[in-house]
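The residues making up each chain are set out below.
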Amino acid sequence: MREKSLEYHSLHPKGKIQVVPTKPTRDSFDLSLAYSPGVAYPCLEIKENPDLVYEYTNKGNLVGIITNGTAILGLGDIGASAGKPVMEGKAVLFKKFAGIDVFDIEIDAKDPDDFIKAVKMLEPTFGGINLEDIKAPESFYIEEELIKRMNIPVFHDDQHGTAIITVAGLLNAFEINKKRPSDVKMVVCGAGAAGIAIAELVQHIGIRKEHIFLVDTKGVIHTERTDLNSTKQKYAQKTNDRTLADVMQDADIFVGVSVADMVTEDMVKSMAPNPVIFALANPDPEIPYAIAKKVRPDIIMGTGRSDMPNQVNNVLGFPFIFRGALDIRAKHITLEMKLAAARALAELARMDVPDAVSLAYGGEKFVFGPDYLIPKPFDQRVLYHVAPAVAEAAVQSGTARRPYPGRENYVSFLEGLMRF
C-alpha cells in the first residue's frame, strides 16, 4: 500500500487536483474576454453590486478546505505541508460526489488568532469554508469565531461531519431496537472535536445530557476532576465511575472516536440488551467488528471502515451539506441544516436500494436492518436526498439568501450539474 500510494501521488501531474478553464480559450478574442480588456466589465459590475460576484465568478461553487496541520487523520500534529495530501484528497471527494470546486489552503499558524485572521481575509474568494484537521480545543474557538466574523458558511467537518453521520445511524438503530432516545445511556470514548460534537448533536434527537458519559485519556469525565477545560466541564457527570470499563456497564450506546483496542470483550458483554456500538477509530476500531459480534450477537455495530457494515463515513455529509448551502447561498450552516442532513440519510437507508448501488459494491445486496443503517457513499441518490433537505432547512432557519426553487426543480438542477 505504501509504494502504491506514493506512486499514485507522484505520477505526473503531481498531487490529485488541478485548475481547468471553464470557458473557451480558442483564439485571441476569447483571451480578450477572459482577461484584458474584457474582464474589466464584470469587475465594474461587481464593484457596483458586490453580490454579482456570485454571477460572474466561481465563488458560488468554490469551497476552501483549510487546515493548520495540527490533527491530521490519525497522524497528529504533522504540520501544514504534511497535511496537504489529505486536503487534496478531500477536494477530490467534494468534486466527485457533489460537483464542488475546491482550493486547499494549508496555513502555517498554530496560534488560533493568527489562523482566524488569515481565514477571515480569504472571505472574498470562497462561497464556503471547510475547516479540517485542527486539534481540539482550539478547533472549537476557531470555528466559533469564524462563524461570528464571516458571512459565508464555516464548517469544521471533523466535528460536525462525524456527528451528523453518527446521528443518522442512531436514528435507524432506534428504529430497529425500539429504544427511546430519552431512556438510553450513552458512552462517548474520545473527548476531542468529534466526541464533543457528537455529544452536542445527539441531544437534539432526544438523548438526555445527564445520560451522556464522556471518556478521555484520563478516564471518565466527572465532577471531581480538576483538569478539565471549559468544553469538557460541560459534560462532567456526578458519578462514581472512573474507567471506561466502569461506565460501559449497562450502556445502551458506545461511540468511539479514540484509538484502536480501547474496548474489551468483557466491556461489550456488560452493556445493556440490544446495544449499539459505533467504533470509529481509524484504521482500526476500538474493538474489531468480528469480536464484538461474536460476544454479543444482539449488537448493532458500525465502524469507520469501508470493508465492514455500517461505515460511518463523513463523505456522506460534507459534499451534500455544502452543495445545499452554496446553492441557497446560506450565510451559515445551522443546527437545523445538520439535523436535516442526518434525517435525510436515515430516511434514505430505509428505502429500497437500486441495483446500481449493489453493482458498485460487487453485487452485494443491501436491505435496511442491523447491517445496513447508513447509505453507501456510491449511492448517487445521497446527493438528491441530502442537498435538498439541507437547502430547505436553510430557508426555514432564515440563513438562506436565495429563494428555494422547490424540490423537483432543485433536483433537476443537481442532475444537470452532475451530468456537466
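Bear in mind that the values here come from a model prediction, so they are computed numbers and not experimental data.

J.: Quick one: what's the story with the layout of surface pockets, residue by residue and with numbers?
T.: Within this model, the second largest pocket holds a volume of roughly 1900 Å³. Along the wall of the second largest pocket there are 49 residues; nearest its centre are Thr22, Lys23, Asn58, Asn61 and Asp101. Put simply, the parts of the chain that give the lining of the second largest pocket at least two residues each are α2 (28-34), α3 (40-48), α4 (53-56), α5 (84-98), β2 (101-106), α14 (318-327) and α18 (407-419). By residue class, the composition of the lining of the second largest pocket is 30 nonpolar, 8 polar and 11 charged.

J.: Could you give me a rundown of the pattern of salt bridges, with the residues and numbers involved?
T.: The full count for this structure, using the stated rule, is 31 salt bridges. Note that Glu145 is salt-bridged to Lys148, the shortest N-O span being 3.3 Å. Placement of the pair is Glu145 and Lys148 together in helix α7 (residues 138-149), with a separation of 3 residues, close to one helical turn. Given a relative accessible area of 58%, Lys148 falls into the exposed group. A salt bridge links Arg208 to Glu210, with the nearest nitrogen and oxygen atoms 2.8 Å apart. Overall, the relative accessible area of 42% leaves Glu210 in the partly exposed class. A single salt-bridge network, built from bridges that share partners, covers Asp216, Lys218, Arg225, Asp227 and Lys232.

J.: Outline empty space enclosed by the protein, listing residues and values.
T.: Applying the stated criterion across every chain, the model contains 1 cavity of 30 Å³ or more. Considering only enclosed or pocket space, the largest cavity measures out at about 40 Å³ in volume. Contributing to the lining of the largest cavity are Tyr54, Gly127, Ile152, Pro153, Ala325, Leu326, Arg329, Ala330 and Arg401. Residue composition of the lining of the largest cavity, grouped by class: 6 nonpolar, 1 polar and 2 charged.

J.: Explain the side chain of Thr70 to me, and be specific about the residues and the numbers.
T.: Position of Thr70 relative to the elements: it lies in the loop between β1 (62-67) and α5. With relative accessibility at 5%, the residue Thr70 sits in the buried group. In this structure the side chain of Thr70 is engaged in a polar contact, spanning 2.8 Å, whose partner is the side chain of Asn68. Within the local environment of Thr70, its side chain forms a polar contact with the backbone nitrogen of Lys135, the two atoms lying 2.9 Å apart. Beyond its immediate chain neighbours, meaning those up to four positions away, Thr70 contacts Gly76, Asp77, Lys110, Asp133, Ile134 and Lys135.

J.: Can you lay out the pairing of β2 for me, pointing to particular residues and giving the numbers?
T.: If a strand is regular, its side chains alternate between the two faces of the sheet. Strand direction decides the pairing type here: β1 and β2, joined by 6 bridges, are parallel. Bridge pairing links Gly64 to Phe103 in β2.

J.: Give me the nonpolar core: which residues, what numbers.
T.: Counting 79 residues, the largest nonpolar core has Leu170, Met186, Ile207, Leu214 and Ile253 as its most contacted members. Counting residues in each nonpolar core, the second largest holds 22 residues, with Cys189, Phe213, Val263 and Met271 among its members.

How each quantity is defined
- Within each chain, residues carry numbers counting from 1 in the order of the written sequence.
- It should be noted that, the model being predicted, local features are given only for residues of pLDDT at least 70 and side-chain atom pairs only at 80 or more, the latter also being counted only at that level, while totals for whole chains, interfaces and linings use all residues.
- Side-chain numbers here rest on the full set of heavy atoms in the structure, without hydrogens or water.
- Cavities and pockets are found on a 1 Å grid laid over the protein atoms alone: a cavity is a set of points where a 1.4 Å probe fits but cannot escape, a pocket is an open set with protein on both sides within 12 Å along at least five of seven lines, and a lining residue has an atom within 4 Å of such a point.
- Grid points are joined across faces, edges and corners, and a volume is the space filled by probe spheres set on the points.
- Each helix is a run of DSSP H or I of at least 4 residues and each strand a run of E of at least 2, with the numbering of both proceeding from the N terminus.
- Classification convention: Asp, Glu, Lys, Arg as charged; Ala, Val, Leu, Ile, Met, Phe, Trp, Tyr, Cys, Pro as nonpolar; all other residues, Gly among them, as polar.
- Should a side-chain nitrogen of Lys or Arg be within 4 Å of a carboxyl oxygen of Asp or Glu, the pair is scored as a salt bridge.
- Each residue is assigned to one of three classes by its accessible area relative to the maximum for its type, calculated with a 1.4 Å probe on protein chains only: buried under 20%, partly exposed between the two thresholds, exposed over 50%.
- Contacts described as polar in this section are N or O atom pairs within 3.5 Å, which, within protein, must combine one atom able to donate a hydrogen with one able to accept it, while residues neighboring in sequence count only if both atoms come from side chains.
- Working rule for contacts: check all heavy atoms of both residues, and any pair within 4.5 Å makes them a contact.
- Paired strands are those between which DSSP finds at least two bridges.
- Think of a nonpolar core as a cluster: buried Ala, Val, Leu, Ile, Met, Phe, Trp, Tyr and Cys residues, connected wherever their side-chain atoms sit within 4.5 Å.

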